Amino acid sequence: MAGITAGKTPLLASVAAIIIALVVAGYSTTAAQTAQSEAVRAVKDIQPAVEDLRNRVNSLEKLVALYARAAGIESPQEAEKLVKQREEFQAKVEAARRESGRLVVYGSVDYADIKSALDAFQARYPFIQVVYESMRPPEVYTRVSSELAANKPTADLVVVSHTTGIRLAQEKRYLAYVSPEASVYPEFLRDKNGEWTAAVLLPIVFVYNTDKVKQPPTTLDQISDPQWSGKVIMHDITLGTTGTQYLVSLKNIIGEARMNQFLEKLVRNVRPVLDISVSTVAEKVASGEYHLGLVVNLHDVIRMKIQGAPVEYFLPTEAPLLTTFSHIAIINTTKNPNSAKLLVDFILSQEGQTIIGNTPVRFPARPGTPARFSLENVVPPGLKMVNYPDDEAITKARDWATKFKEMGFGTR
């Protein structure tokens, strides 16, 4: 008996283990089912909150995207770029605070025409004082060049007509700086290395005194007619600057033979008086001292007209509206590079350009500037605009200045 009991013990133990396992398995399954059921109920309970949160996130994403598009941000990459620019800007400001607190600018743009923009800049950065010295374009070039040659302090920046300032660029006087504002400017209005960028457009026209002339000439032949002898003043085309580069660029539009014919007749029949200042040419026509003025800034004519002077601009049919500009550039010897960069950024910004474009009378260079004197608001829609100086006008201006002198210009 005992043997039998002893023999059955492992079997009973095994059966007991199986029964226990089955019970436990059943209990576990029930517990799992119960837990799952409770989890489902919990999920159902919080589902409305989850859906509400999802809707809020979707709405927030849409709102962020809407504001981003309104701000011109098209992608996360663009947003990252803006964040980086903001960090660089803050670093630039902090570095500028450690500089001298004074910027010297030599400018051929009249101080009255740029004062409002400089005042706004100084209000933005009260720790930077701007000293602006106004002078004619050739004086800007001579002053910077002579001071650098003598190892004397010179300007931190220049704002100068491109026809003259390009010589400083060619002589490697500028600091390369690509402003974050420059990207919206067309390529012909900015140097690819950032050495200069257009700040103010300078369209060139001819002018006549409306008291002295009832019907201005409409062609180059009419301008060179003997009836205008002693009555014409012209920007000095023997200097190699604005007047020279204008005529060389126009030559490449109408042809050299046509240009030579015009100039030969002009110097023979009219013998225009030459003046070194583009603005003075317009002023002397406004005063009645001369009837016609050749190669003048459109902004001078419009300003004088607003002030009541008897002047109006005209162009011969052969000539488009040739337009150059004044550029802003940092002199590479500056001790205040970060302060100078802040000024460049501000002048090129839409805020700075709008201030300039609302000044009677200056034409902003930034495309799409919402200003009273944006060029689109001033000239007729059909008037063809061509940018100058072209490559030949830049590289061979001095050669052509000598040729014009040999023709007889500037000998009287």
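Residues numbered from 1 in each chain as written. Predicted model: local features only at pLDDT ≥ 70, side-chain atom pairs only at ≥ 80, totals over all residues. Heavy atoms only, no water.

Some points on the overall build of the chain
Link 1 in the chain: Looking only at helices and strands, one finds 14 helices and eleven strands in the chain.
Link 2 in the chain: Out of the 412 residues belonging to the chain, those deemed buried represent 46%.
Link 3 in the chain: Contacts in the chain between residues at least 24 apart in sequence constitute 77% of all its contacts with a sequence separation of at least 6. (Helix = DSSP H or I, 4+ residues; strand = E, 2+ residues; numbered from the N terminus. Buried < 20%, exposed > 50% of the residue type's maximum accessible area, 1.4 Å probe, protein only. Contact = heavy atoms within 4.5 Å.)

Let's talk about helix 4 (residues 137–149)
Link 1 in the chain: The first and last C-alpha atoms of helix 4 sit 18 Å apart over 13 residues, in line with the 18 Å expected at 1.5 Å per residue.
Link 2 in the chain: The elements touched by buried residues of helix 4 are strand 1 (102–107), strand 3 (157–161), helix 5 (162–170) and helix 14 (397–407).
Link 3 in the chain: Just downstream of helix 4 lies Asn151, where phi reads positive at about 55 degrees. (Expected span 1.5 Å × (residues − 1).)

Looking at the packing of aromatic side chains
Link 1 in the chain: Counted under the stated rule, the structure contains ten aromatic pairs.
Link 2 in the chain: Judged by centre distance (5.8 Å) and plane angle (90 degrees), the rings of Tyr246 and Tyr388 are edge-to-face. Within this pair, whereas Tyr246 is found in helix 7 (residues 242–254), its partner Tyr388 is found in the loop between strand 11 (385–387) and helix 13 (391–395), the two being separated by 142 residues in sequence.
Link 3 in the chain: Residue Tyr246 is classed as buried on the basis of its relative accessible area, which comes to 0%.
Link 4 in the chain: Tyr388 sits in the buried class, given a relative accessible area of 2%.
Link 5 in the chain: Note on Trp400 and Phe404: the rings are 5.7 Å apart at their centroids and 40 degrees apart in plane angle, and the pair reads as tilted. Here Trp400 and its partner Phe404 are both found in helix 14, four residues apart, which amounts to about one turn of the helix.
Link 6 in the chain: Residue classification places Trp400 among the buried positions, given a relative accessible area of 5%.
Link 7 in the chain: With relative accessibility at 1%, the residue Phe404 sits in the buried group.
Link 8 in the chain: Cation over ring: Lys403 sits above Trp400, and NZ or CZ is 4.3 Å from the ring centre. (Phe/Tyr/Trp six-rings, centres within 6.5 Å; stacked < 30°, edge-to-face > 60°. Lys NZ or Arg CZ within 6 Å of the ring centre and 35° of its normal.)

Points about the packing of helix 2 (residues 76–97) against helix 11 (residues 337–348)
Link 1 in the chain: Two elements in contact, helix 2 and helix 11, have axes separated by 8 Å at closest approach and are oriented at 130 degrees. Between helix 2 and helix 11, the crossing angle belongs to the class labelled oblique. Crossing geometry of helix 2 relative to helix 11 is assigned as left-handed. Where helix 2 abuts helix 11, its residues Phe89, Lys92, Val93, Ala95 and Ala96 lie against Asn338, Ser339, Lys341, Leu342 and Asp345.
Link 2 in the chain: Tallied by class, residues from the contact of helix 2 with helix 11 come to five nonpolar, two polar and three charged. (Axes fitted to C-alpha atoms, helices over the stretch in contact; angles between N-to-C directions. Parallel < 35°, antiparallel > 145°, perpendicular 65-115°, else oblique. Left-handed = near helix turned anticlockwise from the far one by under 90°. Nonpolar A, V, L, I, M, F, W, Y, C, P; charged D, E, K, R; others polar.)

Structural notes on the nonpolar core
Link 1 in the chain: Of all hydrophobic cores here, the largest spans 109 residues; its most connected members are Leu157, Val158, Tyr174, Tyr246 and Phe409.
Link 2 in the chain: Top element by residues in this core is strand 4 (residues 197–209). It accounts for nine residues. (Core = buried A, V, L, I, M, F, W, Y, C linked by side-chain atoms within 4.5 Å.)

A word on the pairing of strand 2 (residues 129–134)
Link 1 in the chain: Here strand 1 runs beside strand 2; their pairing, made up of six bridges, is parallel. Looking at the pairing, Val104 lines up with Val131 of strand 2.
Link 2 in the chain: Taken together, strand 1, helix 3 (residues 111–124) and strand 2 constitute a β-α-β crossover, and its handedness is right-handed. (Pairing = 2+ DSSP bridges. Right-handed = clockwise from strand over helix to strand, strands pointing away.)

Some remarks on the pairing of strand 8 (residues 311–314)
Link 1 in the chain: Here strand 8 shows two buried faces, one formed by Val311 and Tyr313 and the other by Glu312 and Phe314.
Link 2 in the chain: Both strand 4 and strand 8 contribute to a ladder of four bridges, which runs antiparallel. Looking at the pairing, Phe206 lines up with Phe314 of strand 8.

Regarding helix 9 (residues 278–286)
Link 1 in the chain: Residues Val278, Val281, Ala282, Val285 and Ala286 constitute the buried set of helix 9. Buried residues along helix 9 cover an arc of 135 degrees about the axis, so they all sit on one side.
Link 2 in the chain: The opening residue of helix 9, the one whose side-chain oxygen lies 3.3 Å from the backbone nitrogen of Ser279, is Ser277.
Link 3 in the chain: Phi turns positive, to about 90 degrees, at Gly288, one or two residues after helix 9. (Arc of directions from axis to C-beta. Polar contact = N/O pair within 3.5 Å; in protein donor to acceptor, adjacent residues only side chain to side chain.)

Examining the pattern of salt bridges
Link 1 in the chain: Counted according to the given criterion, the structure contains 17 salt bridges.
Link 2 in the chain: Between Glu94 and Arg97 there is a salt bridge whose closest N-O contact spans 3.8 Å. Here the residue Glu94 and the residue Arg97 both occupy positions in helix 2, the gap between them amounting to three residues, near one helical turn.
Link 3 in the chain: With a shortest N-O distance of 3.9 Å, Lys284 and Asp275 are connected by a salt bridge.
Link 4 in the chain: A relative accessible area of 25% means that Lys284 is categorised as partly exposed.
Link 5 in the chain: Residues joined by salt bridges that share partners form a network here, namely Asp113, Asp300, Arg303 and Arg362. (Salt bridge = Lys/Arg side-chain N within 4 Å of Asp/Glu carboxyl O.)

Observations regarding the packing of helix 3 against helix 11
Link 1 in the chain: It is the contact of helix 3 with helix 11, at a shortest axis distance of 10 Å, that shows an interaxial angle of 125 degrees. Classed by the angle they form, the pair helix 3 and helix 11 counts as oblique. Handedness of the crossing formed by helix 3 with helix 11: right-handed. In this structure, helix 3 uses Ala117, Leu118, Ala120, Phe121 and Arg124 to contact helix 11, whose residues at the interface are Ser339, Leu342, Leu343, Phe346 and Ile347.

Observations regarding the environment of Gly308
Link 1 in the chain: Mapping Gly308 onto the fold places it in the loop between helix 10 (298–306) and strand 8.
Link 2 in the chain: Once the C-alpha coordinates of Gly308 and Ala286 are considered, the two residues, 22 residues apart in sequence, prove to be 9.7 Å apart.

A short note on the side chain of Asp156
Link 1 in the chain: Positionally, Asp156 belongs in the loop between helix 4 and strand 3.
Link 2 in the chain: Here Asn336 takes part through its side chain, which lies 3.3 Å from a polar atom of the side chain of Asp156.
Link 3 in the chain: Beyond its immediate chain neighbours, meaning those up to four positions away, Asp156 contacts Arg102, Leu103, Val104, Ala329, Ile330, Ile331, Thr334, Lys335 and Asn336.

Such coordinate-based values are descriptive only and should not be taken to indicate function.
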